Amino acid sequence: MPDPLSDHANLAAALDLAASEAKVYLAGIDDALVRPRTSGPSQDMDLPDEGIGSLAALAELIESADESSTRSAGPRFFHFVMGGGTPAALGADWLASTLDQNAYNWISSPFASRLEQVSVEWLKDLFGLPGEWSGVITTGATMANFASLAAARRWWGLQQGVDIEADGFSGLPPMTILSSGYIHVSALKAIAMLGLGRDRVRRLSRDGAGRIDLDALASVLRERNQEPVVIVANAGDVNTGDFDPLADILAIARRHSAWVHVDGAFGLFAALSPLTRHLVEGLEHADSVAVDGHKWLNVPYDSGYAFVRDPSYLAGAFGASASYLGRDARPAFGNLGPEMSRRARSLAVWATLRAYGRSGIRAMVERHVRLAQRVGEQVDAAPDLERLAEVRLNVVCFRFRPPGFPEDRLDDLNRRIGEMVLEDGRVYFGTTEYDGKVAFRPAIVNWRTREGDVDLIVTTVRELGARAIARAGPGLQAKPATEAAGEPEAPAEVAKPQH
Ligand SMILES: Cc1ncc(COP(=O)(O)O)c(C=O)c1O
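Predicted model, so just to flag it, every value in this text is computed and none were measured.

Reading guide: rules and limits
- Residues numbered from 1 in each chain as written.
- Predicted model: local features only at pLDDT ≥ 70, side-chain atom pairs only at ≥ 80, totals over all residues.
- Domains from an automatic or database assignment.
- Contact = placed C-beta atoms within 7 Å.
- Nonpolar A, V, L, I, M, F, W, Y, C, P; charged D, E, K, R; others polar.
- Near = placed C-beta within 6 Å.
- Helix = DSSP H or I, 4+ residues; strand = E, 2+ residues; numbered from the N terminus.
- Expected span 1.5 Å × (residues − 1).
- Buried ≥ 20, exposed ≤ 12 C-beta atoms within 10 Å, placed from the backbone.
- Pairing = 2+ DSSP bridges.
- Right-handed = clockwise from strand over helix to strand, strands pointing away.

(A) Spotlight on the domain arrangement of the protein chain. We note that the domain assignment places domain 1 (4-71), domain 2 (102-344) and domain 3 (357-485) within the protein chain. Domain 2 puts 20 residues into the contact, and the matching count from domain 3 is 19 residues. Classifying every residue of the side of domain 2 that touches domain 3 gives ten nonpolar, eight polar and two charged.

Okay, structure coming up:
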């Protein structure tokens, strides 16, 4: 009967197995189909009473991972906004599991605490945020939005004489939260988790969907007089990569009692390049900023960062103490964010910044911006494609629109092509709805991605688009979804990107 203690002798073999299989997996990822080969492992749901031992269990896991992993760490995954893991970050992430540090405080791990301290300083420098801000590593931008907005909530309560963390809302009125049509669902989720009411957010954009309407913002703030208000500005809309005008928002907000939070999950990386820095102009005057690491920094899941101008608010929102946890004058990072026991996520951040430096990360960001422009130009040159938004950063929003095709059937056609792209697997992105239209929005953030990879975006959409029309003919819209979807395609031959 294998028990962990009796397995001691297999540790080195288990690590060797994982390492050798990881090398094989990653060696093939540049050219592999992105979609999983199966929909998921057919594992038994009953807890086994008798174990099979570590090496056998790992072998089983490796087999099903090979069949059913999405190759999202590879160069042709353009869905959502998902990076991969640079060699330095991946190696460091393995070390984080090996060392298994608890990054709660300086007693549980001085090593992880120091690396988090250094990483937070480096990240502030990378994004051009002032050195006196505080920061903490979270599990992603959702929790970075949560931590930042928890700090905002503390500020808002104190403005009205209430310590919310100690006393709850204590009869406070609902919070006024203003944003634009670009507010991300994760910020709404954070607002919901904070008990502030996601449906209370007012989207001040001209059509309810786009950039913030500055006149409306000024007028709402005037109406609210000196009532404290929280504004969520968006640096990088998921559909288009567009930005709210931060400097203008901040100029208006400064005349009132307002906290300006910036959700820059991926868009904050615009700050790294002189080509795109104007998109986040004024950033350093915000009150809090959320950004992701597992997107454009290309550290493995999960990693995000919250930065707050006044260090007392994160500490006030998340402070906790118990005598057994010890005392130390240095800030415990587990008391600056939601989790107490925490993975040492700083190792991957530190390693990737140490390995590539500011200029290496900037080169990657600029390459992705150029690649997005390249795709935008290809879309513009194709007679059957229509670009729906400016390419401001790393997202290209477009749809298939063959000449003469009935307007009222374009959404169904593009939705169908979106499904076919995922089934095909050469590239991977689905559809969104933008400006009332079903559209594609490939996002380029993976460190491995090159020209040959992004060139497959337009080629694949045009090829599958032509096939969808030929298949469905005039009945495309009328057919029920299952019928219109037809038989699954035979796996497409993987067109080798021209590297
Ligand atoms: C603008 C924006 N904010 C927040 C998030 C949430 O990030 P995460 O999934 O890492 O929590 C995303 C994810 O795509 C995003 O694009």
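Next comes the rest of the account.
(B) Structural context of the site of the ligand. Neighbouring the ligand are 14 residues; Gly140, Ala141, Thr142, Ser186 and Ala265 lie closest to it. Taken together, the residues that form the shell around the ligand break down as six nonpolar, six polar and two charged.

(C) How the structure looks around helix α13 (residues 451-472). Here α13 spans 32 Å end to end across 22 residues, near enough to the 32 Å set by a 1.5 Å rise per residue. Looking at α13, one finds that the buried residues are Asp453, Val454, Leu456, Ile457, Val458, Thr460, Val461, Leu464, Gly465, Ala468 and Ala472.

(D) Here's a closer look at helix α1 (residues 11-27). The terminal C-alpha atoms of α1, which comprises 17 residues, lie 24 Å apart, in line with the 24 Å expected from a rise of 1.5 Å per residue. With zero of 17 residues buried, α1 is to be regarded as a mostly surface element.

(E) A look at the environment of Gly84. Within the secondary structure, Gly84 is located in the loop between α2 (54-68) and α3 (87-99). Expressed as a C-alpha distance, the spacing of Gly84 and Ala73, which sit eleven residues apart in the sequence, is 4.3 Å. With near-sequence residues (within four places) excluded, Gly84 lies in contact with Ala73, Gly74, Asn298, Asn446, Trp447 and Arg448.

(F) Just unusual backbone geometry, in detail. Here the residue pair Tyr301 and Asp302 is connected by a cis peptide bond, since its omega of -5° sits within 30 degrees of zero. Of note, Asp302 is situated in the loop between β6 (288-292) and β7 (304-308). The phi torsion at Phe80 lies on the positive side, around 40°, for a residue other than glycine. As for its placement among the helices and strands, Phe80 is situated in the loop between α2 and α3. Phi angles above zero are rare outside glycine, and Asp100 is one such case at about 50°. Note that Asp100 resides in the loop between α3 and α4 (110-127).

(G) The pairing of strand β5 (residues 258-263), seen in detail. Across the six residues that make up β5, a large majority, six, are buried. In β5, alternate side chains face the same way, and those of Ala258, Val260 and Val262 on one face and Trp259, His261 and Asp263 on the other are all buried. Here six bridges tie strand β4 (residues 229-234) to β5, and the two strands are oriented parallel to one another. Bridge pairing in β5 places Ile231 opposite Val260. After leaving β4, the chain enters helix α9 (residues 246-253) and then returns to the sheet as β5, a path that is right-handed. Where β5 lies against β6, three bridges are found, and the strand directions are parallel. Bridge pairing in β6 links Val262 to Val289.

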